[in-house]
Amino acid sequence: IYLATEDPLAIKEFESNKPPNWTVYISGPTFKSSGNQGPHVLAIQTEGSDGLEALAALLVSLEANKYVLTTESNWSRLINELRKNIVDRR
């Protein structure tokens, strides 16, 4: 299972409720923000590594055969559009 989310609570909940025989690989938040900072501040603080990791997570996500996505997430909507128009189109 590959879990890609920016929500630390979702990661915690998924891990605590998964069957014991599942192997889960997680792509999630790597940098703890202090306060209400914009993405430009985090890009500077992480020297772009968060953006690079996000692109890598997107590429890994597109290799999946099955998806569980939410329409409330911009990231999920992006993956779904790429999946429908590029990956599943093949």
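All of the points below concern the structure found in this document. No experiment lies behind these values; they were computed from the predicted model shown. (Residues numbered from 1 in each chain as written. Predicted model: local features only at pLDDT ≥ 70, side-chain atom pairs only at ≥ 80, totals over all residues. Heavy atoms only, no water.)

## Brief notes about the overall build of the protein chain
Using the following cut-off: For the purposes of this entry, the term helix denotes a DSSP run of H or I that reaches at least four residues, the term strand denotes a run of E that reaches at least two, and both are numbered from the N terminus. Note on classification: 1.4 Å probe, protein chains only; a residue is buried when its accessible area is under 20% of the maximum for its type, exposed when over 50%, partly exposed between these limits. Any two residues whose heavy atoms approach within 4.5 Å at even a single point are treated as in contact. Using the Shrake-Rupley algorithm and a 1.4 Å probe, accessible areas are obtained, with residue cover drawn only from the displayed protein chains.
Along its length, the protein chain carries four helices and two strands. The secondary structure elements of the protein chain, listed N-terminal to C-terminal, are β-α-β-α-α-α. Residue burial in the protein chain is summarised as follows: out of 90 residues, 18% are buried. Within the protein chain, contacts between residues separated by at least 24 positions form 20% of all contacts whose residues are at least 6 apart in sequence. Of the accessible surface of the protein chain, which amounts to about 7,100 Å², a share of 56% is contributed by carbon and sulfur atoms.

## Thoughts on the packing of aromatic side chains
Test applied: Between rings of Phe, Tyr and Trp, where Trp is taken as its six-membered ring, a pair exists when centres lie within 6.5 Å; planes separated by under 30 degrees are stacked, by over 60 edge-to-face, and by other angles tilted.
Enumeration according to the criterion identifies one aromatic pair in this entry. With a centroid separation of 6.2 Å and 35 degrees between ring planes, the pair formed by F14 and W22 is classed as tilted. The partly exposed category is assigned to W22, whose relative accessible area is 37%.

## Regarding the side chain of T5
Selection criterion: A 3.5 Å cut-off defines polar contacts: any pair of N or O atoms within that distance qualifies, except that in protein one atom must be a possible hydrogen donor and the other a possible acceptor, and neighbouring residues in sequence count only when both atoms are side-chain atoms.
Tracing the sequence through the fold places T5 in the loop between strand 1 (2-4) and helix 1 (8-17). Given the relative accessible area of 18%, T5 is considered buried. Of note is the side chain of T5, whose polar atom sits 3.0 Å from the backbone nitrogen of D7.

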